[in-house]
Structures are given as C-alpha cells and as structure tokens.
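# An overview of the molecular structure
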Amino acid sequence: MLPSVRASSISSNLADDLPRREGVVAELSAAIASWRAMFAERLYHMGVGGGMAVWIIIPLMQITAFSIIYGRDSPLFGYLVVAQAANLFVMNTVFWVGEILDRERVKGTLVSLFLAPCSRFAWLSGFILAGVIETAIVSTIAIVFAWLAFGVTFDPNLPALLLTTTLFLTALWGLGLIFSGFGLLIKKANPLANLIWSFAALLGGAYFPVSEMPDWLRYPARALPLGFGFEALADAALRNASIRDLAPNLLPLAGFSVGLPVLGVVTFSWLERLVRVRGELDLY
C-alpha cells in the first residue's frame, strides 16, 4: 500500500497569519461550529439509537447497587453517589474524547478537519464540549435520582463546588488531549481506552475513597487527579465544605489543572507531527 499524502500544517499557519482579534473570533467560531455539529450528531444517535437510555441507566444501576451493598444511611454511600456522578466525566474523557479522532478517521473526515483554517484545539474542544454537556445532563439525573429515591442529603457550598468542578474538568481536558493524541497514533483507540479504564476504575476513587485505600494503592492513586477531585466534590456537595476546608485536595488538583493541559497540548502536537511525518493521518 502506498503511503498517504502528508497532511499540511495549513490550519496553524493560516491562524497565525490572521490579526489577533480576528484569530480569536475564528477560533471561537470553529469551536462553536464543531460543537453544534457534534451535538446534533450525538443527539441523533442517542435519541434514535436509544444510547441516552443506556448512558443514563448505568449510573442509576450503580447507585442502586451501592445502596444495597453499603446501605443508604452509610456515610460512604453519599460519597459514592457524588463520585459516580463525577466519574461519568472520567468515562467521557477516556471513551469519548480518547476515541474522537479514531471515529473521524473511520468516517473519512479526519484529514479535512486537520486542513481547516483554525487550530486543531478549536474544533477538538468543540467536540469535547458536546460530550461534556451530555455528561453533565446525565450526572444531574443521577444526583436527582439519589436524592429522590434514597434520600441523600446535599448541603452544597456553591463557591467551593464551582471551583472544584472547574479545576477537575480542566485537568480532565488535558488528559483527554493526551488520550486523543495516542488514539491518533495507534489508530485503535478503543482497546487503549478499555485498558486505561481498568486502572482508572481501580485507582480513581470512584468506588472507594483514595484516602482510605491501603498504602500500596493510595500512593499510585495520588499520581492521578481523580481522587483529589472526587473527595473535594463530595465534601463540597454533601458537607458544605469551604474552599479553605478543601485546600488539601484543591491544591494538588490545581496543580493538575495547570500541568495536564500544558502536557496535553505538547503531547498532542508531538504525536500529530509524528503521524504526519509518517504519512499515516488517514490510514486505519
């Protein structure tokens, strides 16, 4: 098989040639356009294909199982409700964001996206936003279900909850770029996503607080932002914990929210150049 033609870097070059103001407007327009296209596509598949029902049922069944295992009066049950709602965003990062470029390659649209007169991160962020909004809806349904069905009492500290959510999602955005880059390289992103999910489920803290894990699990788990985010979100949502109260978790989470996006952009750019040099952008 003959190698495919190397993809041009026209998208970044054209964006650089635009005046600063027009460049920002173009980036935002590209992000909004890609979000609208992806949201419409996801809405069609979720509605017609019944995917939304499956997407909603998973956290509801998990919350119901936890109520049977631990009892609705257990302090751990409230934590698990919040952690499962937040864990949907981790699932979105691993299985949705990590496989976006693989799906576009299969549809035959990947090269066109890379030739668009905007940065890769504009349309990629629009795609990610579609998944985030969808996940936020399902997470809200899970929280309301736990409140109505099992009487989980929430006492949120809104400033702390907003700050924690922002830091958590920013860190996940960086992880998503890393996963997308590797998906672009290996071309079969789903097996990689399944492998990553196995470790995320064990070490992330969605099924048991990281702070209460044995040392041999807690130390590697603290190398991830997930446990810090789950515990801070649970304390802010259930116990009205303030930003000061959450400092032991928020400070590491803030570090991840700064470092992971930078690492994600660098990693994605490096892997993209590697794929273009090898002439494999449109090969599957």
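As the structure is a computational prediction, the values presented were derived from the model and not from experiment.

### Thoughts on the packing of aromatic side chains
The way to describe two aromatic rings as a pair is by their centre distance and the angle between their planes. Taken as a whole, this structure holds nine aromatic pairs when the rule is applied. Here the aromatic rings of phenylalanine 66 and tyrosine 70 are separated by 6.2 Å at their centres, their planes lie at 45 degrees, and the arrangement is tilted. Of this pair, phenylalanine 66 and tyrosine 70 both sit in helix 3 (residues 51–70), separated by four residues, roughly a single helical turn. Note on phenylalanine 66: relative accessible area 9%, which makes it buried. With relative accessibility at 32%, the residue tyrosine 70 sits in the partly exposed group. When the centroid spacing of 6.1 Å and the interplanar angle of 35 degrees are considered together, the rings of phenylalanine 228 and phenylalanine 256 count as tilted. Placement of the pair is phenylalanine 228 in helix 11 (residues 226–238) and phenylalanine 256 in helix 12 (residues 247–277), with a sequence separation of 28 residues. One residue, arginine 218, lies across the ring of tyrosine 219, its end atom 5.5 Å from the ring centre. Its end group placed over the ring of phenylalanine 228, arginine 222 keeps NZ or CZ at 4.4 Å from the ring centre.

### Some words on the environment of leucine 253
With respect to the helices and strands, leucine 253 occurs in helix 12. Judged by relative accessible area, which is 0%, leucine 253 ranks as buried. Residues leucine 253 and phenylalanine 168, spaced 85 residues apart in sequence, show a C-alpha to C-alpha distance of 6.9 Å. Ignoring sequence-local partners within four residues, the contact set of leucine 253 consists of Thr164, Leu167, Phe168, Pro225, Phe228 and Gly229.

### Brief notes about the packing of helix 4 (residues 75–96) against helix 7 (residues 120–150)
Direction vectors running N to C along helix 4 and helix 7 enclose 160 degrees, while the axes themselves pass 9 Å from each other. Classed by the angle they form, the pair helix 4 and helix 7 counts as roughly antiparallel. Taken as a pair, helix 4 and helix 7 cross one another with a handedness that is right-handed. Contacts between helix 4 and helix 7 involve Phe77, Val81, Val82, Ala85, Leu88, Phe89, Asn92 and Trp96 on the former and, on the latter, Phe127, Ile128, Gly131, Val132, Thr135, Ala136, Val138, Ser139, Ile143, Ala146 and Phe150.

### Brief notes about unusual backbone geometry
The phi angle of most residues is negative, glycine excepted, and most peptide bonds adopt the trans form. At asparagine 240, a residue that is not glycine, the phi angle is positive and equals roughly 55 degrees. Inspection of the secondary structure puts asparagine 240 in the loop between helix 11 and helix 12. The exposure class assigned to asparagine 240 is partly exposed, which follows from its relative accessible area of 34%.

Definitions and limits used
- Residues numbered from 1 in each chain as written.
- Predicted model: local features only at pLDDT ≥ 70, side-chain atom pairs only at ≥ 80, totals over all residues.
- Heavy atoms only, no water.
- Phe/Tyr/Trp six-rings, centres within 6.5 Å; stacked < 30°, edge-to-face > 60°.
- Helix = DSSP H or I, 4+ residues; strand = E, 2+ residues; numbered from the N terminus.
- Buried < 20%, exposed > 50% of the residue type's maximum accessible area, 1.4 Å probe, protein only.
- Lys NZ or Arg CZ within 6 Å of the ring centre and 35° of its normal.
- Contact = heavy atoms within 4.5 Å.
- Axes fitted to C-alpha atoms, helices over the stretch in contact; angles between N-to-C directions.
- Parallel < 35°, antiparallel > 145°, perpendicular 65-115°, else oblique.
- Left-handed = near helix turned anticlockwise from the far one by under 90°.

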